[in-house]
Amino acid sequence: MKTGPQLENGYTRIADEFLEALMQYRIPGEQMQVLLCIIRKTWGFQKREDRISLSQFVKATGLKKPAICRAISSLEEKRLIVIKNDN
């Protein structure tokens, strides 16, 4: 008997406060895909931050690079993510 997704196969912990705040936003599809990817690549691996390459976003979301770049810029403008530059 095949069942749906199970916690035993992995899960991402998300703080209730964050999830409740996120429910108040109307986030367009591509931005939501990118945001979920960021959450998965950080909190999903118990990290507070991470370097995520465009190729990782492409693989995870199926979006093209220009769409990912637009989504990242929009999420940063909305202050939903913070971009750190390591100069």
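All residue numbers here refer to positions counted from 1 along the written sequence of the relevant chain. Owing to the predicted nature of the model, reporting of local features is limited to residues with pLDDT of at least 70; listing and counting of side-chain atom pairs is limited to 80 or more, with chain, interface and lining totals taken over all residues. Hydrogen atoms and water are omitted, and side-chain values are computed over all heavy atoms in the structure.

### Some words on the nonpolar core
Residues belong to one nonpolar core when they are buried, are Ala, Val, Leu, Ile, Met, Phe, Trp, Tyr or Cys, and are joined through side-chain atoms within 4.5 Å. Per-residue accessibility, obtained with a 1.4 Å probe over protein chains only, is compared with the maximum for each type, and a residue is labelled buried under 20%, exposed over 50%, and partly exposed between these values. Counting residues in hydrophobic clusters, the biggest one holds 17 residues, and the most contacted among them are V34, L35 and F57. Comment: elements are numbered from the N terminus, with helices defined as DSSP H or I runs of at least four residues and strands as E runs of at least two. Only helix 2 (29–41) and helix 4 (65–77) provide two or more residues apiece to this core. We call two residues contacting when some pair of their heavy atoms lies within 4.5 Å. Setting aside its immediate chain neighbours within four residues, V34 contacts F57, T61, L63, I68, A71, I72 and L75.

### Things to note about a nonpolar patch on the surface
Taken together, the side chains of I14, L19 and M23 define a hydrophobic patch exposed on the protein surface, amounting to about 270 Å² of accessible area. With respect to the helices and strands, the residue L19 is situated in helix 1 (residues 16–22). Patch members must show over 30% relative accessible area and no salt bridge, and they are joined within 9 Å when carrying like charges or within 5 Å when they are nonpolar side chains of Val, Leu, Ile, Met, Phe, Trp or Tyr. Surface exposure here means Shrake-Rupley accessible area, sampled with a 1.4 Å probe, where a residue is shielded only by the protein chains that are shown. Within this document, salt bridges are pairs made up of a side-chain nitrogen of Lys or Arg and a carboxyl oxygen of Asp or Glu, the two lying within 4 Å of each other.

### Concerning the packing of aromatic side chains
Two rings belonging to Phe, Tyr or Trp (six-membered ring only in the last case) form a pair when the distance between their centres is within 6.5 Å. Interplanar angles under 30 degrees mark stacking, angles over 60 mark edge-to-face geometry, and anything in between is tilted. Under the counting rule described, the total for this entry stands at 1 aromatic pair. On the basis of an interplanar angle of 85 degrees and a centroid distance of 4.9 Å, the ring pair of F18 and W43 is categorised as edge-to-face. Residue F18 is found in helix 1, and its partner W43 is found in the loop between helix 2 and helix 3 (54–61); the two are separated by 25 residues along the sequence. Overall, W43 belongs to the partly exposed group, its relative accessible area being 30%.

### Focus on the layout of surface pockets
A 1.4 Å probe that fits but cannot get out identifies a cavity on a 1 Å grid over protein atoms alone, an open set with protein on both sides within 12 Å along at least five of seven lines counts as a pocket, and a residue lines either if it has an atom within 4 Å of a point. Grid points are joined across faces, edges and corners, and a volume is the space filled by probe spheres set on the points. Within this model, the largest pocket holds a volume of roughly 800 Å³. Around the largest pocket, the lining is made up of 20 residues, and of these I38, T42, E49, D50 and V82 lie nearest the centre. Classes in brief: Ala, Val, Leu, Ile, Met, Phe, Trp, Tyr, Cys and Pro nonpolar; Asp, Glu, Lys and Arg charged; the others, Gly included, polar. Grouping the constituent residues of the lining of the largest pocket by class yields 12 nonpolar, 1 polar and 7 charged.

### Describing the packing of helix 2 against helix 3
The geometry of helix 2 relative to helix 3 is characterised by a closest axis approach of 10 Å and an angle of 110 degrees between their N-to-C directions. Classed by the angle they form, the pair helix 2 and helix 3 counts as roughly perpendicular. Residue-level inspection shows Q33, V34, C37, I38 and K41 of helix 2 in contact with helix 3, the latter providing Q56, F57, A60 and T61. Partitioned by chemical class, the residues of the contact of helix 2 with helix 3 number 5 nonpolar, 3 polar and 1 charged. Whenever a helix is involved, its axis is fitted only over the stretch in contact; in every case the axis is a line through C-alpha atoms, and angles between N-to-C directions fall within 0 to 180 degrees. In these notes the angle categories are as follows: under 35 degrees is roughly parallel, over 145 is roughly antiparallel, 65 to 115 is roughly perpendicular, and the rest is oblique.

### Notes on the side chain of T61
Along the chain, T61 falls in helix 3. Classification of T61 by relative accessible area gives buried; the value is 17%. Apart from residues no more than four positions distant in its own chain, T61 is found in contact with Q33, V34, C37 and I68.

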